[in-house]
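Geometric and topological summary
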Amino acid sequence: MRLRLLAPAAAALGFLLVIPASAADAGPGAPGIGDPYYPTYGNGGYDVSHYDLDLSYQPATDTLSGTATLQATATQGLTSFDLDFALTVSKVTVDGRPAAFATSGEQELVVTPARPIPRGHRITVAVTYSGVPSSVERYGFTSWQRTPDGGVAANEPESAWWWFPSNDHPLDKATYDVDVRVPAGEQAISNGLLVSQHTANGWTGYHWRQDKPQATYLATLALGHFDITRSRTRAGVPVINAYSSGLPAATAANARAGVERTAEIIDFLSGWFGPYPFDAAGGYVPDVPTHFSLEAQTRVFYSPAVFATTDGIGTVAHELSHQWWGDDVSLARWSDIWLNEGFATYGSWLWAEHQGKGTVQQIARQTYDAYPADDPFWTVEPGDPGPAKQFDDAVYDRGAVAIQALRTTIGDHAFRALLKAWPAQHRYGNGTIAEFRTLAEHLSGQDLGGFFQTWLYTPAKPAVLPGG
Ligand SMILES: [Zn+2]
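Owing to the predicted nature of the structure, the values given are computational and were not obtained by experimental measurement. (Residues numbered from 1 in each chain as written. Predicted model: local features only at pLDDT ≥ 70, side-chain atom pairs only at ≥ 80, totals over all residues. Heavy atoms only, no water.)

Binding of the zinc ion to the protein goes through His 318 (NE2), His 322 (NE2) and Glu 341 (OE), at separations of 2.0 to 2.1 Å. The motif formed by the donor residues of the zinc ion, counted along the single chain, is H-x3-H-x18-E. Considered together, His 318 and His 322 belong to a single accessibility category, that of buried residues. (Donors = N, O, S within 2.8 Å, 3.2 Å for Na, K, Ca; no water. Buried < 20%, exposed > 50% of the residue type's maximum accessible area, 1.4 Å probe, protein only.)

The structure is reproduced here in C-alpha cells:
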C-alpha cells in the first residue's frame, strides 16, 4: 500500500528532473494519472474530450483492427505523452503529422509528437492498430472474452487496453463514437444509441454514439449474434437490450424476465436518485462463461450465470443503480469504490423493498447479523479496502449497511435529499467520499466524522446498527 502510494510521486519527480532547459515549459506527460491503487493507470498531461473509434472485427480469427482518433487538450507543455493500450500499433499521428511511438511497461504507449505541444493546445491523436485481443495478456490476464461467435470487451478497472488506446482512468471522461464493421449477419453492440447501420460488400457497420461523458472502463463492445429488444422508460428514454442467440433456452427466458424490466426499474430508481442521466439505457447478455456483471454506461454487461436459475432481478437493479452511482458520478480514485458498490447494492435493496421482499432496514439487519464480530468480513474497510479487496463482499454489503445506518443517523428527510443532491451536484463528473461526507453534513447539519470513521474506516464490526 505505502509503496504503491509513493509511486506516482516518484514518477512526478522523474518528470521534473528531465525537463530540458531549452524547453522549460514542456516535458513528458506522467505515465500514470496518480491513482493510489493503480499508479500506472491513466496518464498525465492531457485531457481527452472525445474518442472516435473506426474498427473492423473478423470473428473467425478474433482480429480487431482500425483507427482510434482522440480529441484532447494538453494540460501542460508536452514533449511526449502516454496512452494506455495493449494491441499492436502501426502508426500514430498528432494533428495530422506522423509521431514517434514506443511501448513501455505493461500497457504504456509513449507518443512523441514531431514538435512539443504547448499547454492548453487542443490536439487530435490518431492511432492505427490491430491485434487478436483474446491472445493479449497484461498483468497475467485478458479483459477480452472470445465467444463462439465473436468477442466481448468488459472488465473493471481495465478493459479498454484490449480494444482502444485511451487515458484509462475514470478521472478523464469523454464522449464516444464507436463505428464497427463486422461480417454481414454479425452484430456489434456498444454504448448509447445506434446512430446508423449500413451493409455493403459483405460487411455491416454499426455506429454507436455515447454523447454524455463516459469513463473508459464503462465503454463496452460486444460482437456476435444477438436478439434485440426495444422499449422506453416513462420519461421516454430508449431502452435497447441484446441477448446472445447462443444462450441456453432457460437462461435466455430468465434473462428476458429480468432485463426486460429495465425501464420499470429505472423509473423506480429515478424516484430515489433523480432523473435518469443518459439518453439511452439497456443491457446485453453475451455468451460468456464468466460470472461477473458490469455497469457499462447505458448498456450493462450481464453474465449469463446471473440468469441460470432466476430472473436475476437483484443484479439488474444493482447495475441500473450504478448508472447514477459510478457512471453519472464517477470515482476520482479507485480507493473510493464504496461510492459505486455500496450505493448500487443499496439501490438493489430499495428495489427489493419495493417488491415486498422486506424493508431495507430488515435487509441491513440480516446482513449485519450474518457476520459475527470475529468474521474477516469486518476487517475490510469499505472506505479504503486496498486494491486486492477492492471488490470484496464487504465493500458491497457492509457498504450498503453503512448507507442504511447513515439514513437512520441523519433522518429520512436529509437522506432522501442527499441521494438526489449528489448526482445533481456532480453530474457527468467525479466525486470523492470526502466530498460526499461534506454534502451529508451540510444537508443534515451533523458532524459525521465519527460515523464515517466507524462504518467506513475501521477494520472491526460496528458495535451497534442504528435503527434496531
Ligand atoms: Zn456493482
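Moving on: the pattern of salt bridges. Tallied over the full model, the rule gives 12 salt bridges. Asp 328 is the salt-bridge partner of Arg 427, the closest N and O atoms lying 2.9 Å from each other. With Arg 427 in the loop between α8 (412-426) and β22 (430-431) and Asp 328 in the loop between α4 (313-321) and β21 (330-331), this residue pair connects regions lying 99 residues apart in the sequence. In this structure, the salt-bridge partner of Glu 441 is Arg 437, at a minimum N-O distance of 3.0 Å. Of this pair, Glu 441 and Arg 437 both sit in helix α9 (residues 433-444), separated by 4 residues, roughly a single helical turn. Through salt bridges that share partners, Asp 211, Lys 212 and Asp 279 make up one connected network. (Salt bridge = Lys/Arg side-chain N within 4 Å of Asp/Glu carboxyl O. Helix = DSSP H or I, 4+ residues; strand = E, 2+ residues; numbered from the N terminus.)

Our next topic: the packing of helix α5 (residues 338-354) against helix α6 (residues 360-370). Remark: α5 packs on α6, axes separated minimally by 9 Å, with the N-to-C direction vectors making an angle of 125°. Taken together, the axis directions place α5 and α6 in an arrangement best described as oblique. Here α5 contributes Tyr 346, Trp 349, Leu 350, Ala 352 and Glu 353 to the contact with α6, which in turn contributes Val 360, Ile 363, Ala 364 and Thr 367. Residue classes in the contact of α5 with α6 are distributed as 7 nonpolar, 1 polar and 1 charged. (Axes fitted to C-alpha atoms, helices over the stretch in contact; angles between N-to-C directions. Parallel < 35°, antiparallel > 145°, perpendicular 65-115°, else oblique. Contact = heavy atoms within 4.5 Å. Nonpolar A, V, L, I, M, F, W, Y, C, P; charged D, E, K, R; others polar.)

Turning our attention to the environment of Pro 98. With respect to the helices and strands, the residue Pro 98 is situated in strand β6 (residues 97-98). For Pro 98 and Val 125, which are 27 residues apart along the polypeptide, the C-alpha to C-alpha distance reads 9.8 Å.

Turning our attention to the sheet that holds strand β18 (residues 238-244). As summarised here, the arrangement of the 4 strands in space is β17-β18-β19-β20, forming an open sheet in which the pairing is mixed. One side of each edge strand has no neighbouring strand; the edge strands of this open sheet are β17 (226-232) and β20 (300-301). (Pairing = 2+ DSSP bridges.)

Let us now look at the sheet that holds strand β8 (residues 108-112). Taken together, the 4 strands give an open sheet; going across it, the order is β1-β4-β8-β7, and neighbouring strands pair in mixed fashion. In this open sheet, the two edge strands, each paired with only one partner strand, are β1 (26-28) and β7 (100-104). Strand-to-strand, the axes of this sheet are offset by a mean angle of 25°, without reference to chain direction.

Buried within helix α10 (residues 449-456) we find Phe 451, Phe 452, Trp 455 and Leu 456. Looking straight down α10, one finds that the buried residues subtend no more than 95° of arc, so they occupy a single side. Elements that come into contact with the buried residues of α10 comprise α5, α6, α7 (393-410) and α9. (Arc of directions from axis to C-beta.)

This paragraph deals with the pairing of strand β15 (residues 203-214). One ladder, built from 9 bridges, connects strand β12 (residues 174-183) with β15; its direction is antiparallel. Opposite Val 178, over in β15, you have Trp 208 as the bridge partner. Bridge analysis of strand β14 (residues 193-200) against β15 gives 7 bridges, and the strand direction is antiparallel. Note that in β15 the partner of Gln 197 across the bridge is Tyr 206. The antiparallel hairpin formed by β14 and β15 contains 2 residues in its connecting segment, where Asn 201 sits at a positive phi of about 55°.

Another aspect to go through is the nonpolar core. Of all hydrophobic cores here, the largest spans 137 residues; its most connected members are Phe 81, Trp 163, Trp 338 and Phe 436. The element contributing the most residues to this core is α7, with 9 residues. (Core = buried A, V, L, I, M, F, W, Y, C linked by side-chain atoms within 4.5 Å.)

Before going further, it helps to examine the packing of aromatic side chains. Inspection of every chain in the model, using the stated rule, returns 40 aromatic pairs. Ring geometry for Tyr 371 against Trp 378: centres 6.4 Å apart, planes inclined by 90°, an arrangement best described as edge-to-face. Across the ring face of Tyr 243, the terminal group of Arg 256 is positioned such that the distance to the ring centre comes to 4.8 Å. Across the ring face of Tyr 428, the terminal group of Arg 427 is positioned such that the distance to the ring centre comes to 6.0 Å. (Phe/Tyr/Trp six-rings, centres within 6.5 Å; stacked < 30°, edge-to-face > 60°. Lys NZ or Arg CZ within 6 Å of the ring centre and 35° of its normal.)

Bridge count between β7 and β8: 5 bridges; the pairing is antiparallel. Counterpart to Ala 100 in the pairing with β8 is Thr 112. Between β7 and β8, which pair antiparallel and follow one another directly, the connecting turn spans 3 residues, one of which, Gly 105, has a positive phi of 60°.

Direction vectors running N to C along α7 and α8 enclose 130°, while the axes themselves pass 6 Å from each other. Of the possible angle classes, the one that applies to α7 and α8 is oblique. Residues Ile 403, Leu 406, Arg 407 and Ile 410 of α7 touch α8, and the partners they reach there are Asp 412, Ala 414, Phe 415, Arg 416 and Leu 418.

Its location among the elements puts Asp 172 in the loop between β11 (150-153) and β12. The buried charged residue Asp 172 lacks any salt bridge partner; its closest oppositely charged side chain belongs to Lys 173, at an N-O distance of 10 Å. Only 2.9 Å separates the side chain of Asp 172 from the backbone nitrogen of Val 48, close enough to count as a polar contact. When residues no more than four places from it in sequence are discounted, the contact partners of Asp 172 are Tyr 46, Asp 47, Val 48 and Asn 167. (Lys, Arg positive; Asp, Glu negative; His and termini not counted. Polar contact = N/O pair within 3.5 Å; in protein donor to acceptor, adjacent residues only side chain to side chain.)

As annotated by UniProt and renumbered to match this structure, "domain: Aminopeptidase N-like N-terminal" (unreviewed entry) occupies residues 49-218. Taken end to end, residues 49-218 comprises 0% helix and 59% strand; its first and last C-alpha atoms sit 15 Å apart. (UniProt positions renumbered as here; feature names shortened; annotations may be inferred.)

So, about α5. Look at α5: 23 Å from first C-alpha to last across 17 residues, which is about the 24 Å you get at 1.5 Å a residue. Within α5, 15 of the 17 residues are buried, which leaves the element mostly enclosed by the surrounding structure. Phi for Gly 356, located one or two positions after α5, is positive at around 75°. (Expected span 1.5 Å × (residues − 1).)

For the chain, per-residue confidence averages 95 on the pLDDT scale, and residues scoring 70 or more make up 95% of the total. When the criterion is pLDDT under 50, residues 1-23 qualifies, and its contacts beyond four places in sequence or with other chains add up to 21 contacts. (pLDDT = per-residue confidence, 0-100.)

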